Amino acid sequence: MIRKKKTIGSYIKKFIILCVGACLYAAGLEIFLIPNQIIDGGVVGISIMASYLTDIEFSVFMLTINLPFLYLGYKHIGKTFSISTVIAIVLLSLWTQYFEPIAQVTDDFFLAAIFGGIVAGAGVGLIIRNSGSLDGTEIVAIIVDKRSTFSVGEVVLFFNVFILGAAGFIFGWDKAMYSLVAYFVISKMIDVVIKGLDESYAVMIVSDESDEIADALMSRLGRGVTFINGMGAYTGDPKKVIYCVVTRLEVDKLKDIAIEKDDNAFITINPVHDIVGGRFKKKSIH
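Cut-off values and rules
Residues numbered from 1 in each chain as written. Predicted model: local features only at pLDDT ≥ 70, side-chain atom pairs only at ≥ 80, totals over all residues. Heavy atoms only, no water. Salt bridge = Lys/Arg side-chain N within 4 Å of Asp/Glu carboxyl O. Helix = DSSP H or I, 4+ residues; strand = E, 2+ residues; numbered from the N terminus. Buried < 20%, exposed > 50% of the residue type's maximum accessible area, 1.4 Å probe, protein only. Axes fitted to C-alpha atoms, helices over the stretch in contact; angles between N-to-C directions. Left-handed = near helix turned anticlockwise from the far one by under 90°. Contact = heavy atoms within 4.5 Å. Nonpolar A, V, L, I, M, F, W, Y, C, P; charged D, E, K, R; others polar. Patch = residues over 30% accessible without salt bridge, like charges linked within 9 Å, V, L, I, M, F, W, Y side chains within 5 Å. Areas by Shrake-Rupley, 256 points an atom, 1.4 Å probe, with all protein chains shown as cover. Phe/Tyr/Trp six-rings, centres within 6.5 Å; stacked < 30°, edge-to-face > 60°. Lys NZ or Arg CZ within 6 Å of the ring centre and 35° of its normal. Core = buried A, V, L, I, M, F, W, Y, C linked by side-chain atoms within 4.5 Å. Parallel < 35°, antiparallel > 145°, perpendicular 65-115°, else oblique. Pairing = 2+ DSSP bridges. Polar contact = N/O pair within 3.5 Å; in protein donor to acceptor, adjacent residues only side chain to side chain.

Peer 1: Hey, could you run me through the pattern of salt bridges in this one?
Peer 2: Pairing between side chains of opposite charge can happen when the charged atoms of each approach one another. Per the counting criterion, the structure on display carries five salt bridges. One salt bridge in this structure joins K239 and D208, with 2.7 Å as the shortest N-O distance. Taken together, the residues span a long stretch of sequence, with K239 in strand 3 (residues 238-247) and D208 in the loop between strand 1 (200-206) and helix 9 (210-221) at a distance of 31 residues. By relative accessible area, K239 is classed as partly exposed at 23%. By relative accessible area, which is 60% here, D208 ends up exposed. A salt bridge links E250 to R223, with the nearest nitrogen and oxygen atoms 3.0 Å apart. Here E250, found in the loop between strand 3 and helix 10 (251-261), pairs with R223, found in the loop between helix 9 and strand 2 (226-231); they are 27 residues apart in sequence, far enough to count as distant.

Peer 1: What am I meant to see in the packing of helix 9 against helix 10 here?
Peer 2: Relative orientation and spacing of two packed helices are given, respectively, by the angle between their axes and the distance between those axes. As a packed pair, helix 9 and helix 10 sit with axes 9 Å apart at the nearest point and diverge in direction by 145°. The interaxial crossing formed by helix 9 with helix 10 has right-handed handedness. Where helix 9 abuts helix 10, its residues E212, I213, A216, L217, R220 and L221 lie against K253, L254, I257, A258, E260 and K261. Looking at the contact of helix 9 with helix 10, its residues break down into seven nonpolar, no polar and five charged.

Peer 1: Teacher, can you tell me more about a nonpolar patch on the surface here?
Peer 2: A contiguous nonpolar patch, built from I8, I12, F15, I16 and V20 and spanning about 490 Å² of accessible area, is present on the exposed surface. Looking at the element boundaries, V20 is found in helix 1 (residues 8-33).

Peer 1: Even after reading the chapter, I still don't get the packing of aromatic side chains, so can you show me in this structure?
Peer 2: The relative placement of two aromatic rings is captured by the distance of their centres and the angle of their planes. What the rule picks out here adds up to eight aromatic pairs. By way of ring pairs, the aromatic residues W95, Y98 and F99 are connected into one cluster. Note that K240 overlies the ring of F227, its terminal NZ or CZ placed 4.8 Å from the centroid.

Peer 1: Looking at this structure, how should I read the environment of I228?
Peer 2: Along the chain, I228 turns up in strand 2. Put simply, I228 and Q37 are 191 residues apart on the chain and 55 Å apart in space, counted from C-alpha to C-alpha. Contacts of I228, omitting those with residues within four sequence positions, involve M204, K239, K240, V241 and Y243.

Peer 1: Would you mind showing me how to read the nonpolar core here?
Peer 2: One finds Y25, I39 and L134 to be the most contacted residues of the largest nonpolar core, which totals 40 residues. The dominant element in this core, judged by the number of residues it contributes, is helix 1, at 10 residues. When near neighbours in sequence (up to four residues on either side) are disregarded, I39 contacts G45, I48, M49, I163, L164, A167, F171, S179 and A182.

Peer 1: Could you clarify how one ought to interpret the packing of helix 1 against helix 5 (residues 109-129) in this entry?
Peer 2: The geometry of helix 1 relative to helix 5 is characterised by a closest axis approach of 7 Å and an angle of 160° between their N-to-C directions. One finds that helix 1 runs roughly antiparallel with respect to helix 5. Regarding helix 1 and helix 5, the two cross each other, and that crossing is left-handed. Here helix 1 contributes I17, L18, V20, G21, A22, L24, Y25, A27, G28, F32 and L33 to the contact with helix 5, which in turn contributes A112, A113, F115, G116, G117, V119, A120, A122, G123, V124, L126 and I127. Of the residues in the contact of helix 1 with helix 5, the class split is 18 nonpolar, five polar and no charged.

Peer 1: Could you clarify how one ought to interpret unusual backbone geometry in this entry?
Peer 2: With glycine set apart, most residues show a phi of negative sign, and most peptide bonds adopt trans. Not every positive phi belongs to a glycine, and Q37 is a case in point at roughly 60°. With respect to the element layout, Q37 can be found in the loop between helix 1 and helix 2 (42-54).

Peer 1: Would you mind going over the pairing of strand 3 with me for this structure?
Peer 2: Remark: a regular strand shows side chains that alternate across the two faces of the sheet. Of the strand pairs in this sheet, strand 1 and strand 3 are connected by seven bridges, and their pairing is antiparallel. Of the residues in strand 3, the one forming a bridge with I205 is I242. By the bridge criterion, six bridges tie strand 2 to strand 3 in an arrangement that is antiparallel. Bridging from a neighbouring strand, G230 pairs with K239 of strand 3. Two successive antiparallel strands, strand 2 and strand 3, enclose a turn made up of six residues, where G236 displays a positive phi of approximately 80°.

Peer 1: How do you make sense of the sheet that holds strand 3 when you look at a structure like this?
Peer 2: By definition, the strands of a sheet pair up through backbone hydrogen bonds, in either a parallel or an antiparallel sense. The four strands lie next to each other as 2-3-1-4, forming an open sheet whose pairing is antiparallel. Edge positions in the sheet fall to strand 2 and strand 4 (266-272), since each has one partner strand and no second. Between one strand axis and the next, the sheet turns by 25° as a mean value, whatever way the strands run. With respect to the sheet, helix 9 is in contact with strand 1, strand 2 and strand 3, its orientation differing from that of strand 3 by roughly 20°. Packing of helix 10 onto the sheet brings it into contact with strand 1, strand 3 and strand 4, and relative to strand 4 it is tilted by some 165°.

Peer 1: How do you make sense of the side chain of D135 when you look at a structure like this?
Peer 2: Relative to the helices and strands, D135 resides in the loop between helix 5 and helix 6 (136-147). Side-chain polar atoms of D135 contact the backbone nitrogen of V43, separated by 2.9 Å. Setting aside its immediate chain neighbours within four residues, D135 contacts G41, G42, V43 and N66.

Laid out in C-alpha cells, this is it:
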C-alpha cells in the first residue's frame, strides 16, 4: 500500500484552521461567557473558575492543567493528535489574551449562553475536525473508552457534572444553569461543524425488486448505488442488497421510491459521520 505524503500546503491549511478555531473559541469565551461568569465544561471550566478565585490569567491555567493530559495523549493516542492539541491550546491562550481587553457584547446571561455557545462551539468543532482538542478531560475519556465499557461521551459527562456543580458554589446556581445551557449549545454546534448541515445517511435495502429500485434511485434521486450479494437465511435464496448514501433531505424520497417499487422492501438507515472519496454530489430530485 502506497501512503501519500502530506504537502507543506496541507500543514499550512491545518494550522490556519486550528488558528481560526482557537480564535472563535476564545471570542466566545472572552466576549460572551467569562464576563458573565458562565463556563464551559472540562479543563476550560476549571481554568475559568481558578482564574476567578486567584486573579491569575485564564490562559496560564489552561496551559498548566492541560500539560499532564497532553503527555497522556502522546503516550496513548498518538503524536499527530498531541501536536494538533498543543498547537490549539497555545493558540487559544494567545487569542484569549487578545480578546480579554475587549468589552463584553451583552450582559444578558441567556443571550451570552446562547451566542457564546454558538461561537465557541464552532471553534471547537473546527479544531476537532483537524484532529485536535482543547480539553484534557477528553483525552482521559478517549483512554478510558479504550479500556472500559464507558463511552467518551459518558466519561466527559461524568467530569462535567462535578465541574458545573462546582460552578454553582462559586458563581451561584443560576450561573451554573446558564453554563449548562451554554454547554448544550456548544455540544450541538460541534456536531453541526463536524457532521455538516447536510447530514448524510447510509441506507441498505433488501428487496426482490432490487434492480428496479436501483434504477429508480439513480434516475430520480441522482445517487449512485452499490449491489452487495447476500442470501436469505431462511429460504437460502440469493439476494441483491442495495447500498446507497443520501442526505437527510433525501431520506423520505428514497423510502417513497423503495416502497413504491416493493412495499415489502426491508430498509435500514444509519447516520454517516464522514465521507471520503467516491462521487457523492447533490443532484435534482424528481
